[in-house]
Amino acid sequence: HWYGHLYDAAASARSVERAVSAVTPRGERTPVVLLGASFDGIAAEDIAAQPVVAESPVIDLRRIIMIATPVDMNDVIQDVFGVPVPWIKDVPLNIPRFGGLVVLGNAINGQRQRGELGAPPAWKETFVNASKTRPVLMWSQLERIRKGMLVVRPDIGVDYLGSPDSDLTVDTDHAYARLDNMIMAPTRYLTIADGGHDEG
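Residues numbered from 1 in each chain as written. Predicted model: local features only at pLDDT ≥ 70, side-chain atom pairs only at ≥ 80, totals over all residues. Heavy atoms only, no water.

## With respect to the environment of Leu179
With respect to the helices and strands, the residue Leu179 is situated in helix α8 (residues 172–182). Spatially, the C-alpha atoms of Leu179 and Tyr7 are 22 Å apart, while their sequence positions differ by 172 residues. When residues no more than four places from it in sequence are discounted, the contact partners of Leu179 are Met66, Val71, Met149, Val158 and Tyr160. (Helix = DSSP H or I, 4+ residues; strand = E, 2+ residues; numbered from the N terminus. Contact = heavy atoms within 4.5 Å.)

The following block contains the structure:
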């Protein structure tokens, strides 16, 4: 939907509401399920909590599906950009804005974590991915993760998919347990063996 240079939950919510309105007959409501993997699970809760969606006359939000989504940096296991997570989450000030070299370094670090440094096709994918990633958008998403899911829709149930045996990025057991305490509607934790983080 909306994809800008900075993460903007309100703009994303307006985009979702417009898209649903475009396919909903006048006077009716459309059942909607939001699906988000990793950071996008946070974005799904942000969108659901925005008044334009929460109070929409056309959106009947039924459920949110999250795949390996952290509640905040306390659920991230290893590092970001090769920097240990404890250093990032405990920095009291905003993280300085960064450029494409940091994005490329992070992509190479992900390749290293997957054990693919010796695989030529993986290098191509790493460079393509880094070239398509906007540094300022990535920075704003990192700041959003540090802030954490402070606002959720407690009335909307969540299905949470995780791979606790193989996800080296997010502690999905920990994240789900915290999320389950925030949501009043029924939640479910579904595990996928050997799903990793990117393939979950």
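## Section: the nonpolar core
Leu34, Ile59, Ile64, Met73, Tyr160 and Leu179 are the most contacted members of the largest nonpolar core, which has 47 residues in total. Per-element tally for this core: the top contributor is helix α2 (residues 39–49), with six residues. Setting aside residues up to four positions removed in sequence, Leu34 forms contacts with Ala44, Ile47, Ala48, Leu61, Arg63, Ile64 and Ile65. (Core = buried A, V, L, I, M, F, W, Y, C linked by side-chain atoms within 4.5 Å. Buried < 20%, exposed > 50% of the residue type's maximum accessible area, 1.4 Å probe, protein only.)

## Observations regarding the pattern of salt bridges
All chains considered together, the criterion is met by nine salt bridges. With a shortest N-O distance of 2.7 Å, Asp60 and Arg62 are connected by a salt bridge. It is possible to trace a salt-bridge network through shared partners that takes in Arg63, Asp159 and Arg188. (Salt bridge = Lys/Arg side-chain N within 4 Å of Asp/Glu carboxyl O.)

## A look at the confidence of the model for the protein chain
For the protein chain, mean pLDDT is 91; residues scoring 70 or higher make up 96% of the total. When pLDDT is averaged over each helix and strand of the protein chain, the minimum, 72, is found for strand β3 (residues 79–80) and the maximum, 98, for strand β2 (residues 59–67). (pLDDT = per-residue confidence, 0-100.)

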